[in-house]
Amino acid sequence: MLDAVTVSEAAPGGANDDFYLVSDRWALVLDGVTRYPDDGCQHTVPWFVQRLGLHLGYGLATAPHKTLPDLLADAIGRTAGEHGPGCDLSNPLTPASTVAIVRLADDRIEWLVLGDAAVAWLWTDGTVEAVTDDRADQLGDAPVVVADVPRYDPVFVATVRNRPGGFWVAAADRDAAYESLTGSVPRTQVSQVGLLSDGVTRLVQRYGWSWRDVFDQANTHGPRHLIEAVRRAESTDPDPARWCGKRHDDATAVIARVVV
Ligand SMILES: [Zn+2]
């Protein structure tokens, strides 16, 4: 079984666009993409990620025989069906989310990652491995615009999001689920598994932590320590403008002990 501790916290002053669910056999973390203007949707990002997450959790709980991409595709389809006629789901900037899932399956732990969420394993030998989907960071000379924060130009994003050769997120198109990174690891070789939104993984990607530090600090001080550490690092960053994206981001961590 999975024995999880969790933390999820909005960036200071905002709503939380992250969402997570855990059970004793699976866990998921979603990170809603910061809203673009003119996205054709009448709903909020939390509305979208909560529905996507609940549909995904329902599938994980009730259809253990289905593959993780199939379950994600179903959740995308069900969520799309709830937008209603006032939303234009063909808009390429329609609300979207990154996804991380793990599930126990016999002697394996299956995983799925779509977008810049991460799944990490603390192996029983003490080493750590992590997977994230960085296709959005590999778009070459992608134009960055600086409005309130530096981020990719929405006109450009509209041409590469959920398109071959671009990058993939869970939005309104079921097919994106089949572009996820997936795999499985032997259950008996995993001590702990972590699911992390990019608001937490920036400890590793920006601020010099190792993946092992993430597990050690969460185990020693509790998962909230990860959020406190990332807020401290962000607030003392001498040059936050060097990073694409917001100075503070919603941050979610699920750290689960694998009890064989
Ligand atoms: Zn909508």
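Just above, that's the structure.
Residues numbered from 1 in each chain as written. Predicted model: local features only at pLDDT ≥ 70, side-chain atom pairs only at ≥ 80, totals over all residues. Heavy atoms only, no water.

Concerning the overall build of the chain
Helix and strand counts for the chain come out as six helices and twelve strands. Taking 18 Å as the expected radius of gyration for a compact globule of 260 residues, we find that the chain reaches 18 Å, a close match to that expectation. Oriented by its inertia axes, the alpha-carbon framework of the chain measures out at about 50 × 50 × 30 Å. Counting every position in the chain, which comprises 260 residues, the buried fraction comes to 52%. By sequence separation, contacts in the chain at least 24 residues apart represent 70% of the contacts at least 6 residues apart. Looking at charge distribution, the chain has the averaged site of its 23 positive side-chain charges lying 3 Å from that of its 36 negative ones. (Helix = DSSP H or I, 4+ residues; strand = E, 2+ residues; numbered from the N terminus. Rg over C-alpha atoms; globule rule 2.2 N^0.38 Å. Buried < 20%, exposed > 50% of the residue type's maximum accessible area, 1.4 Å probe, protein only. Contact = heavy atoms within 4.5 Å. Lys, Arg positive; Asp, Glu negative; His and termini not counted. Charge placed at Lys NZ, Arg CZ, Asp CG, Glu CD.)

Comments concerning the sheet that holds strand E11 (residues 190-196)
If you walk across this open sheet you meet the five strands as E1-E12-E11-E6-E7, and the pairing is antiparallel. Both edges of this open sheet fall to strand E1 (2-9) and strand E7 (128-132), since each of them pairs with a single strand only. Mean inter-strand twist for the sheet, computed between neighbouring axes without regard to direction, equals 15 degrees. Taken together, the six bridges between strand E6 (residues 118-123) and E11 define a ladder with antiparallel strand orientation. In the strand pairing of E11, valine 119 is matched with leucine 195. Sitting on the sheet, helix H6 (residues 224-235) touches E1 and strand E12 (251-258), and the angle it makes with E1 is about 35 degrees. (Pairing = 2+ DSSP bridges. Axes fitted to C-alpha atoms, helices over the stretch in contact; angles between N-to-C directions.)

Re the coordination of the zinc ion
Protein coordination of the zinc ion is provided by Cys41 (SG), His43 (ND1), His83 (ND1) and Cys87 (SG), with donor distances spanning 2.1 to 2.3 Å. Because the angles between the four donor atoms bound to the zinc ion fall within 98 to 118 degrees, the donor set is best described as tetrahedral. Motif for the zinc ion, donor spacing along one chain: C-x1-H-x39-H-x3-C. With a gap of 42 residues between them, cysteine 41 in the loop between strand E3 (26-32) and helix H1 (45-62) and histidine 83 in helix H2 (residues 68-83) connect regions that are remote in the sequence. Using a relative accessible area of 11% as the deciding quantity, one classes cysteine 41 as buried. (Donors = N, O, S within 2.8 Å, 3.2 Å for Na, K, Ca; no water. Tetrahedral: all angles 85-135°; square planar, octahedral: opposite > 155°, others 65-115°.)

As for the pattern of salt bridges
Counted by the stated rule, this structure contains ten salt bridges. When the shortest N-O distance is used, the salt bridge between aspartate 74 and arginine 174 registers 3.2 Å. Here aspartate 74, found in helix H2, pairs with arginine 174, found in the loop between helix H3 (154-160) and strand E10 (181-186); they are 100 residues apart in sequence, far enough to count as distant. Residue classification places aspartate 74 among the buried residues on the basis of a relative accessible area of 14%. Classification of arginine 174 by relative accessible area gives partly exposed; the value is 37%. Glutamate 110 is paired through a salt bridge with arginine 103; the nearest N and O atoms lie 2.8 Å apart. (Salt bridge = Lys/Arg side-chain N within 4 Å of Asp/Glu carboxyl O.)

So, the environment of threonine 62
Within the element layout of this structure, threonine 62 appears in helix H1. For threonine 62 and alanine 15, which are 47 residues apart along the polypeptide, the C-alpha to C-alpha distance reads 30 Å. Of the polar contacts made by the side chain of threonine 62, one reaches the backbone oxygen of tyrosine 58; its length is 2.7 Å. (Polar contact = N/O pair within 3.5 Å; in protein donor to acceptor, adjacent residues only side chain to side chain.)

Observations regarding the pairing of E3
For E3, the buried fraction is high: seven of the seven residues fall into the buried class. Side chains Trp26, Leu28, Leu30 and Gly32 project from E3 onto one buried face, and the interleaved Ala27, Val29 and Asp31 project onto a second face that is buried too. The pairing of strand E2 (residues 18-22) with E3 spans five bridges and is classified as antiparallel. Looking at the pairing, aspartate 18 lines up with aspartate 31 of E3. Between the end of E2 and the start of E3, which pair antiparallel, lie three residues.

Observations regarding H1
Between its first and last C-alpha atoms H1 spans 26 Å; for 18 residues at 1.5 Å apiece the expected length is 26 Å, and the two agree. The complete set of buried residues in H1 reads Val45, Pro46, Trp47, Phe48, Val49, Leu52, Gly53, His55, Leu56, Gly57, Gly59 and Leu60. Those residues of H1 that are buried lie in contact with E2, E3, H2 and strand E4 (97-105). N-cap assignment for H1: the residue whose side-chain oxygen lies 3.1 Å from the backbone N of tryptophan 47 is threonine 44. (Expected span 1.5 Å × (residues − 1).)

Some thoughts on the packing of aromatic side chains
Taken as a whole and assessed by the stated rule, the structure comprises two aromatic pairs. Ring centres of tryptophan 111 and tryptophan 121 lie 5.7 Å apart, and the angle between their planes is 70 degrees; this geometry places the pair in the edge-to-face category. Within this pair, whereas tryptophan 111 is found in strand E5 (residues 108-114), its partner tryptophan 121 is found in strand E6, the two being separated by ten residues in sequence. Each member of the pair, tryptophan 111 together with tryptophan 121, is buried. (Phe/Tyr/Trp six-rings, centres within 6.5 Å; stacked < 30°, edge-to-face > 60°.)

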